[in-house]
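Fold and contact review
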Amino acid sequence: MKYDYWGLLKHLKNPLRTIYVLHGDETLIQQEALIALRQVAKQQGFLEHERHDVDKHYDWSMAFADSNALSLFSDKKLIEIHSNKPDAAGAKVIEAYLQSPPEDNVVILVLPKIDAAAQKSKWFTACEDNGITVSCAPLTDYQFKDWIVQRCQSHKVQLDNSALTWLCQQTEGNLLAAHQEVTKLALLFGSEKISLEQLEQSISDSSRFDLFDLSACALAGDAQKTAKILFSLQAEGQAESLILWVLAKEVRMLTNLFEGTQQGVSFSNLCQQLGIWTKQQNSYQLALRRLNHKRLSRLNAELLAADKAIKGQNNDNAWDILLCLSLGLAGVTLFETAV
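Summary of the structure given here. Residues take numbers from 1 onward in each chain, read along the sequence in its written order. Confidence filtering applies because this is a predicted model: local features only for residues at pLDDT of at least 70, side-chain atom pairs given and counted only at 80 or more, and all residues used for totals across whole chains, interfaces and linings. Side-chain figures throughout are based on the complete set of non-hydrogen atoms in the structure, without hydrogens or water.

1. Brief notes about the packing of helix 15 (residues 293-310) against helix 16 (residues 318-329)
Packed helix pairs are specified by the crossing angle of their axes together with the interaxial distance, meaning the distance between the axes. Filter applied, for reference: Each axis is a line fitted through C-alpha atoms, taken for helices only over the stretch in contact, and angles between the N-to-C directions span 0 to 180 degrees. Labels follow the DSSP assignment, with helices taken as runs of H or I lasting at least four residues and strands as runs of E lasting at least two, numbered in each case from the N terminus. Here the angle decides the label: under 35 degrees means roughly parallel, over 145 means roughly antiparallel, 65 to 115 means roughly perpendicular, and every other value means oblique. Here a crossing is taken to be left-handed if its near helix is turned anticlockwise relative to the far helix by less than a right angle, and right-handed if that turn runs clockwise. Note on contacts: a residue pair is in contact if any heavy atoms of the two residues lie within 4.5 Å. Put simply, Ala, Val, Leu, Ile, Met, Phe, Trp, Tyr, Cys and Pro go in the nonpolar bin, Asp, Glu, Lys and Arg in the charged bin, and everything else, Gly too, in the polar bin.
One way to put it is that helix 15 packs onto helix 16 with a least axis distance of 9 Å and a crossing angle of 155°. As summarised for this structure, helix 15 and helix 16 are arranged roughly antiparallel, according to the angle between their axes. The element helix 15 and its partner helix 16 pack so that their crossing is left-handed. Listed contacts from helix 16 to Leu299, Glu302, Leu303, Ala305, Ala306, Ala309 and Ile310 of helix 15 are Ala318, Ile321, Leu322, Cys324, Leu325, Gly328 and Leu329. Of the residues assigned to the contact of helix 15 with helix 16, the class counts are 12 nonpolar, one polar and one charged.

Right, dumping it as structure tokens:
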């Protein structure tokens with residue numbers, strides 16, 4: 001059976017199935033689905049827990065090698081496997097396991113996004129037939145707002161309508177950033193109802209929101225201050241993934257503006273379509289004057305390179321690429337990189 005995250009939560013009121021596949025690009029949703037599965041498994045008596053991290057040097061069969069072995073402490077076992085999409089050998093191992101799976105085992109596969117073609121493969125179909133596949137995809141705008149509302153309720157955070165709308169706009173689909181904001185608001189305000197003015201003030205007092213100072217300075221073309229903010233964020237231990245998200249948001253916005261103006265759409269109409277506030281429009285106009293098709297293509301290539309570096313998929317230094325990205329937005333080419 002196929003579920004999304006909310007469908008999985010409803011399903012977890014029932015006895016667990018043989019296998020679960022958590023796949024998708026939304027890391028926080030995937031992590032919370034995994035935590036929910038672990039908790040329910042423990043409640044249902046799956047007290048033994050194994051974790052296997054499978055890479056190209058790891059034999060998939062090893063992850064299932066002890067699946068029939070009984071523990072001295074429990075006769076129910078949770079087997080957790082983190083991997084990229086199974087290769088041909090891995091797919092055969094999964095298919096063979098599901099032909100006669102032990103009744104007292106639950107397997108959780110934690111995987112990246114599985115495309116439509118791979119979802120028609122034998123191993124994935126076998127997982128659907130014997131268990132549950134859960135798509136942990138990025139949320140739509142409606143789902144994202146609903147997710148924030150639910151998260152606020154669980155933390156007893158009360159936002160008035162304008163504050164809720166503003167928080168959604170500021171975090172724009174980034175669940176990790178939204179989660180951190182709601183947690184912070186719970187600590188600052190408790191159950192007090194929070195106005196837009198209070199929310200804006202709490203953000204201006206937070207060093208984490210130098211993230212937005214970074215993008216604002218880059219758009220304004222202040223390369224020196226942009227570099228200073230980035231180095232400050234690095235020293236404070238800010239997550240590279242959040243910095244990449246902020247920069248990616250601006251590159252996407254500028255790409256849309258550039259392509260739209262090239263097609264003859266007026267800048268003001270584009271800003272209205274893209275939800276750019278009036279007070280932000282001048283910064284985007286300044287940035288567009290510095291950028292052309294070649295520079296935007298380069299920035300998009302550097303976004304991909306930074307993402308790979310952060311995930312450990314290449315040997316590049318993620319902070320070096322983030323610096324190039326930040327200064328590139330500000331109109332400065334630091335050095336030529338192979339991206």
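2. A word on the pairing of strand 6 (residues 132-135)
Operational definition: DSSP bridges decide pairing: two strands pair if at least two such bridges lie between them.
Relative to strand 6, strand 1 (residues 2-4) runs parallel, the two being bridged by three bridges. Each residue of the ladder has a partner; that of aspartate 4, found in strand 6, is serine 135. Relative to strand 6, strand 2 (residues 19-23) runs parallel, the two sharing four bridges. Among the inter-strand pairings, valine 21 is bridged to a residue of strand 6, identified as threonine 133.

3. Section: helix 4 (residues 88-99)
We count it as follows: An expected span of 1.5 Å times one less than the residue number is assigned to each helix. For each residue, the accessible area found with a 1.4 Å probe, counting protein chains only, is set against the maximum for its type, and the residue is called buried under 20%, exposed over 50%, and partly exposed in between. The directions from the helix axis to the C-beta atoms form the arc being described. Definition of a polar contact: a pair of N or O atoms within 3.5 Å, with one able to donate and the other able to accept a hydrogen when the atoms are protein atoms, and with sequence-neighbouring residues admitted only if both atoms are side-chain atoms.
Compared with the 16 Å implied by 1.5 Å per residue over 12 residues, the 17 Å span of helix 4 between its first and last C-alpha is a close match. For helix 4, the set of buried residues is Gly90, Ala91, Val93, Ile94, Tyr97 and Leu98. Taken end-on, helix 4 shows its buried residues confined to a sector of 160°, consistent with a single buried face. Across from the buried face of helix 4, at angles greater than 90 degrees, the exposed residues are Ala88, Ala89, Lys92 and Gln99. Each element contacted by the buried residues of helix 4 is listed here: strand 2, helix 3 (60-63), strand 5 (105-111) and helix 5 (122-130). N-capping of helix 4 is provided by aspartate 87, with a side-chain oxygen placed 3.3 Å from the backbone N of alanine 89.

4. A look at the nonpolar core
Threshold: In these notes, a set of buried Ala, Val, Leu, Ile, Met, Phe, Trp, Tyr and Cys residues joined through side-chain atoms within 4.5 Å is what counts as a nonpolar core.
The biggest cluster of nonpolar side chains holds 47 residues, and the ones touching the most others in it are Ile243, Leu254, Leu257, Tyr284, Leu322 and Leu325. The set of elements that each furnish at least two residues to this core consists of helix 10 (210-220), helix 11 (223-235), helix 12 (240-262), helix 13 (267-274), helix 14 (278-290), helix 15 and helix 16. By residue number, the principal contributor to this core is helix 12, which donates 12 residues. Leave out the neighbours within four places in its chain, and tyrosine 284 touches Leu219, Glu250, Met253, Leu254, Leu257, Phe267 and Ile276. Counting 43 residues, the second largest nonpolar core, distinct from the first, contains Leu8, Leu16, Val110 and Cys136.

5. So, the environment of tyrosine 142
Relative to the helices and strands, tyrosine 142 is located in helix 6 (residues 141-154). In sequence terms tyrosine 142 and glycine 173 are 31 residues apart; their C-alpha atoms lie 10.0 Å from each other.

6. Quick look at the side chain of glutamate 80
As for its position among the elements, glutamate 80 is in strand 4 (residues 77-83). Given a relative accessible area of 0%, glutamate 80 falls into the buried group. Discounting residues that sit within four places of it in the chain, glutamate 80 has contacts with Leu34, Arg38, His49, Glu50, Arg51, His52 and Ile108.

7. Quick look at the state of the cysteines
We apply this condition: Any two cysteine sulfur atoms within 2.5 Å of one another count as a disulfide.
This model, assessed by the stated rule, comprises zero disulfides. With no disulfide of its own, cysteine 127 has cysteine 136 as its nearest cysteine by sulfur position, at a separation of 14 Å. Classification of cysteine 127 by relative accessible area gives buried; the value is 0%. No disulfide involves cysteine 324; its nearest neighbouring cysteine sulfur is the one of cysteine 217, lying 18 Å away. Taking the relative accessible area as the measure of exposure, cysteine 324 reaches 5% and is therefore buried.

8. Observations concerning helix 12
Each turn of an α-helix holds 3.6 residues, which means side chains three or four residues apart point in the same direction. Taking 1.5 Å per residue, 23 residues should reach 33 Å; helix 12 reaches 32 Å between its end C-alpha atoms and fits that length. One or two residues past the end of helix 12 sits glycine 264, with phi positive at roughly 95°.

9. Observations regarding unusual backbone geometry
The backbone of lysine 156 sits at a positive phi, close to 60°, despite the residue not being glycine. Summarising the element assignment, lysine 156 is placed in the loop between helix 6 and strand 7 (158-159).

10. Points about the packing of helix 6 against helix 7 (residues 161-171)
At a minimum axis distance of 10 Å, the contact between helix 6 and helix 7 shows a crossing angle of 120°. It follows that helix 6 is oblique to helix 7 by the angle criterion. Both helix 6 and helix 7 take part in a crossing whose hand is right-handed. Seen from helix 6, the contacting residues are Phe144, Lys145, Ile148 and Val149; seen from helix 7, they are Leu164, Leu167, Cys168 and Thr171. Here the contact of helix 6 with helix 7 is built from residues that sort into six nonpolar, one polar and one charged.

11. So, the pattern of salt bridges
Put simply, the rule is: Each salt bridge in this description consists of a side-chain nitrogen of Lys or Arg and a carboxyl oxygen of Asp or Glu lying within 4 Å of one another.
Here the structure, examined in full by the defined rule, presents eight salt bridges. Residues arginine 151 and glutamate 32 are paired through a salt bridge, measuring 2.8 Å at the closest nitrogen-oxygen approach. A residue pair is termed long-range when its members are at least 10 positions apart, and arginine 151 in helix 6 and glutamate 32 in helix 2 (residues 27-43) qualify at 119 residues. With relative accessibility at 11%, the residue arginine 151 sits in the buried group.

12. A closer look at the packing of aromatic side chains
Defined as follows: Note on aromatic pairs: the rings of Phe, Tyr and Trp (six-membered ring only in Trp) are paired at centre separations within 6.5 Å, and the planes decide the class, stacked below 30 degrees, edge-to-face beyond 60, tilted for the rest. As a reminder, the over-ring test applies to NZ of lysine and CZ of arginine, requiring each to be within 6 Å of the ring centre and within 35 degrees of the ring normal.
Here the structure, examined in full by the defined rule, presents three aromatic pairs. An angle of 75° between the planes, with centres 5.5 Å apart, marks the rings of tyrosine 5 and tryptophan 6 as edge-to-face. Against the face of phenylalanine 46 rests lysine 76, its NZ or CZ located 5.1 Å from the ring centre.

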